[in-house]
Amino acid sequence: MSEPIIKAVNLTKRYGDFTAVDGISFEVRKGEIFGFLGPNGAGKTTTVRMLSGLTTITEGEAYVNGYDVKKEKVKVKRSIGVVQDVSNLYEELTVEENLRFLARLYEAPMENVSKLIKDFNLPAKKKFGKLSSGYKRRASIVAALIHDPPVIFMDEPTIALDVRSAKMVREMVRALNVSGRTVFLTTHNMVEAETLPHRIAIINHGRIVAIGGRNEVRKLVGNEVRVRLKVEPLKSSIIHALEGYSPAFDEDSLVLKVEDVDAFMDELEDLKRKLGFRVLHISTELPSIEEVFLELTEEENGEKGCACGGCPL
Amino acid sequence: MMKVYAIIVKELKEYMLKPGAISWGIVFPLVFSLAFIARFGDIDHLVPGLVSISALFGTTSFVSSSIIFERRLRTFERLLLAPVSYGEIILAKILVGTIFGLMVSTITLLLVLHFMTYPLWSVSLTALNLVLSNLTFAAMGVYISLAISNPINVMTWLNLVRLPMMFTSGAIASLTLFPHWFLPIGLVTPMTYSVDGLRYGILYYYDVVPPLASALAMVFMTLLFTLLSIRALRRLY
Ligand SMILES: Nc1ncnc2c1ncn2[C@@H]1O[C@H](COP(=O)(O)OP(=O)(O)O)[C@@H](O)[C@H]1O
Ligand SMILES: [Mg+2]
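Just so it is clear, the model here is predicted, and its values are computed rather than measured.

**Side note on the overall build of chain B**
- Each helix and strand in chain B was counted, giving ten helices and zero strands.
- Mapped in sequence order, the helices and strands of chain B form the string α-α-α-α-α-α-α-α-α-α.
- Taken over the C-alpha trace, chain B has a radius of gyration of 17 Å; the compact-globule value for 237 residues is 18 Å, and the two agree within 12%.
- In terms of overall dimensions, chain B has C-alpha extents of about 55 × 35 × 30 Å along its principal axes.
- When the 237 residues of chain B are sorted by exposure, 57% land in the buried category.
- A separation threshold of at least 6 residues defines the contact pool for chain B, and within that pool the share at least 24 residues apart is 80%.
- Carbon together with sulfur atoms contributes 74% to the accessible area of chain B, which is approximately 9900 Å² in total.
- Chain B carries 15 positive and 9 negative side-chain charges, and their two centres are separated by 12 Å.

**A short note on the domain arrangement of chain A**
- When cut into domains, chain A gives domain 1 (4–219) and domain 2 (225–285).
- The C-alpha-based centres of domain 1 of chain A and domain 2 of chain A are spaced at 41 Å.

**What about the site of ligand 1?**
Residues and elements named next belong to chain A.
- Ligand 1 sits among Tyr 15, Phe 18, Ala 20, Pro 39, Asn 40, Gly 41, Ala 42, Gly 43, Lys 44, Thr 45 and Thr 46.
- Contact distances for ligand 1 include 3.2 Å between an oxygen atom and a backbone N or O atom of Ala 42.
- Thr 45 has a polar side-chain atom sitting 2.7 Å from an oxygen atom of ligand 1.
- Listed by contribution, the elements that provide at least two residues to the shell around ligand 1 are β2 (18–29) and α1 (44–51).
- Of the residues forming the shell around ligand 1, the biggest block, three residues, is contributed by α1.
- A breakdown of the residues in the shell around ligand 1 according to their chemical character gives five nonpolar, five polar and one charged.

**A look at the interface of chain A and chain B**
- Facing the 27 residues of chain A at the interface are 21 residues of chain B.
- Between chain A and chain B the total buried area reaches about 2400 Å² when both faces are included, carbon and sulfur atoms providing 60% of it.
- Taken as a group, Leu 54, Tyr 90 and Leu 105 of chain A account for 27% of the area that chain A buries against chain B, more than any other trio of residues on that side.
- Where chain A touches chain B, the interface holds five salt bridges.

**Some points on the side chain of Asn 159 of chain B**
Residue and element names in this part refer to chain B.
- Residue position: Asn 159 is located in helix α7 (residues 154–168).
- You can call Asn 159 buried: its relative accessible area is 17%.
- Those residues in contact with Asn 159 that lie beyond four places of it in its chain are Trp 24 and Pro 164.

**With respect to the sheet that holds strand β13 (residues 253–258) of chain A**
All names here are of chain A.
- Within the open sheet, the four strands sit side by side as β12-β13-β11-β14. Their pairing is antiparallel. Edge strands, defined here as strands with exactly one partner in the open sheet, are β12 (248–250) and β14 (278–285). Between one strand and the next, the sheet's axes are offset by a mean angle of 30 degrees, whatever the strand orientation.
- Judged from the five bridges that link them, strand β11 (residues 225–232) and β13 form a sheet pairing that is antiparallel. Looking across to β13, one finds that Val 227 is bridged to Leu 256.
- On top of the sheet, helix α10 (residues 261–275) reaches β11, β13 and β14; it is set at about 170 degrees to β14, its chief contact.

**Description of the sheet that holds strand β1 (residues 4–15) of chain A**
Residues and elements named next belong to chain A.
- With respect to topology, four strands assemble into an open sheet ordered β2-β1-β4-β5, the strand pairing being antiparallel. The two strands at the open ends of the sheet, each matched to only one other strand, are β2 and β5 (67–68).
- When β1 meets β2, the two strands line up antiparallel, connected through eight bridges. Across the sheet, the residue bridging to Arg 14 is Thr 19, located in β2.

**Some remarks on the pattern of salt bridges**
All names here are of chain B.
- Overall, the coordinates contain 30 salt bridges over all chains when judged by the stated rule.
- Note that Asp 196 is salt-bridged to Arg 199, the shortest N-O span being 3.0 Å. Of this pair, Asp 196 and Arg 199 are both found in helix α9 (residues 190–203), three residues apart, which corresponds to roughly one turn of the helix.
- Of the residues examined, Arg 199 reaches a relative accessible area of 4% and is grouped as buried.
- Notably, a salt bridge pairs Arg 199 with Asp 207, separated by 3.1 Å at the nearest N-O pair. Comparing Arg 199 with Asp 207, the two get one shared label, buried.

Reading the values: rules and limits
Residues numbered from 1 in each chain as written. Chains lettered and ligands numbered in written order. Predicted model: local features only at pLDDT ≥ 70, side-chain atom pairs only at ≥ 80, totals over all residues. Heavy atoms only, no water. Helix = DSSP H or I, 4+ residues; strand = E, 2+ residues; numbered from the N terminus. Rg over C-alpha atoms; globule rule 2.2 N^0.38 Å. Buried < 20%, exposed > 50% of the residue type's maximum accessible area, 1.4 Å probe, protein only. Contact = heavy atoms within 4.5 Å. Areas by Shrake-Rupley, 256 points an atom, 1.4 Å probe, with all protein chains shown as cover. Lys, Arg positive; Asp, Glu negative; His and termini not counted. Charge placed at Lys NZ, Arg CZ, Asp CG, Glu CD. Domains from an automatic or database assignment. Near = heavy atom within 4 Å. Polar contact = N/O pair within 3.5 Å; in protein donor to acceptor, adjacent residues only side chain to side chain. Nonpolar A, V, L, I, M, F, W, Y, C, P; charged D, E, K, R; others polar. Buried area = accessible area lost by both parts, 1.4 Å probe. Salt bridge = Lys/Arg side-chain N within 4 Å of Asp/Glu carboxyl O. Pairing = 2+ DSSP bridges. Axes fitted to C-alpha atoms, helices over the stretch in contact; angles between N-to-C directions.

Have a look at this one:
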C-alpha cells in the first residue's frame, strides 16, 4: 500500500460551543478519488476548509502531500488545487485574465494558461460573469490546475448544475484522476458516489460513520436496490402478490425493495403470466444517501425512525 | 512584489466600474465639491477640505466595495488559498485604494483650482500630503471592511465613521472656529491631519497641526491600520 497523501488525525473544528467536525481520522491514498459523502451540514466543507488552510484547525492534525497543514501552510498551498462549492472567479475579468492572474499568484508558467484553455476548450475571451453556470464550474475547476498540483479538493462540484454540465464535470474529475492526481471529492449525490470514487467515507454530524471501498460501504447498508416498476393494467392482485417487497407508489410507478434482482425477475415473469399484465417500464435504483444514512444510524441506535433523532426533518 | 502588482491590476479591472466605487467614490465627492463651488464663490479656504473629502470617499468606497464583494462572493478566498501572505494581500488592497483615491482627489483638486483666488502654494508638499492622505484613508477603509464580521454591515459602519469625520476634522469649518473643548475631538479624528497637511501644501498655513506633525501622524496611522488589517484578516478566517 502506498503512503497516504492526505492524512487527518482526530481533526476537529468547533465554532463556539458547536462542533462542526468531531475528531475525524482518515487517510487518502496517492492517486485515488476519495469520496467524502454526507448530507447538508455534515461537515464536508468545513473539513475541506481545514485541510486547505482556509480555516484554523481547532484540534487534531492534518498532513497533505507530506506537509503539516498547521505549520507548512505555503507548501500545502502549492500542493493543492481547491474547487470550492461556489464558482468564485472574478466576474469582470475574462477567463484568460482570471487564469493569468492566478498563474502570477502561484508563480506558475504562463504557458499553463494557454494550454489549459486549449485542453479544456474554454472561451478565453469571455468574461467569467457572462458564462453559463456549467462553464463557470468548468473554469473554476481549470483554475485549480493552474500550478499543476498533485492533490485536488472538490467540494460538491456538481451541485446546482444541469444534467449535461454535471456529466461534463464528472468526466473532468475522472480525467484529472487518470492524469495522476489525487482527488478529494465531497458530495451528497449517491449516484456520483457510486460511479467516481475508489474509496469513500461517510460523514454525518461531524463524525465518520463508514469508510472503505465502495462495495464495502454499500454492504454496510445491505444489498437492497430499489426496483421501479410500471405495469398495465394495475390491479390490486399485483400489489398483493408483491407484498414481500414492501411496495410503495411513486407517481404512476411501484417502487419495491429488492435484494436479489435475478430471483425477482423470475418471479415477475411468473406473475405476468398468472395475472395477465404488461410491464411498461422497469429500472433499478440505488438507495439514496438519506436512506443509506437511515440504515447506518438505525444500526447504531438499534431503532428505526429519523436518523438524526429529534431533528425536524 | 509581483503578486502585489498582479492583485492591484486585477482589482482595478474588476472593481473600477462597480456601482459602489462610482457612486460614493467618484460621483459623491465631485458633486459635493461642485455644490460648494456653486454656493460660495470664494472657496480658497475650503479647498484642502474638499480634496481631503474626495480622498476619504474615493479610497474607502473603492476598498470597501471590493472587499465586501470578495467576502460575499468568496473570491477573497482565492487570495487566501494561493501562496500569498496576509501582508501582501493587505498591502495590495491598500495600494489599489490609494491609486483610486489619488485619481479622484487629483481630479477634485484640478477642478477646484480653477475657482481659487490665489495659486496653489507648493506642488510637491501638496502631492506628498495627497499621497499620505490617500494611504491613511485606504488603510483605514481596509481595516473597517475586514473588522466587521458581517460584510453587509460594512457600509453602515463606514458611513458612521466617515460622515462625522467631515465635520470633526475641520474639513468644512475650521477647528479654530469651534469652542476649546472640541479640539481633542478634532485631534483624534484621523482626517484632521490630512486636512491640515493639505492646507499647508495648498495655502501655506495650518489650523491646528503643524506640517511635520501631520505628515508623521499620517505615516503612523497608515502603519497602524495596516497592522490592524492584517490582524483582522487573520481573525476572519
Ligand atoms: N463559520 C461558521 N460558523 C458557525 N457554524 C458554521 C460555520 N461554518 C459552518 N458551520 C456549521 O457547521 C456545520 C457543517 O457545515 P459544512 O461543513 O458547511 O457542512 P457541509 O459542507 O457538509 O454541508 C453546519 O451545521 C454549519 O451550519
Ligand atoms: Mg458544503
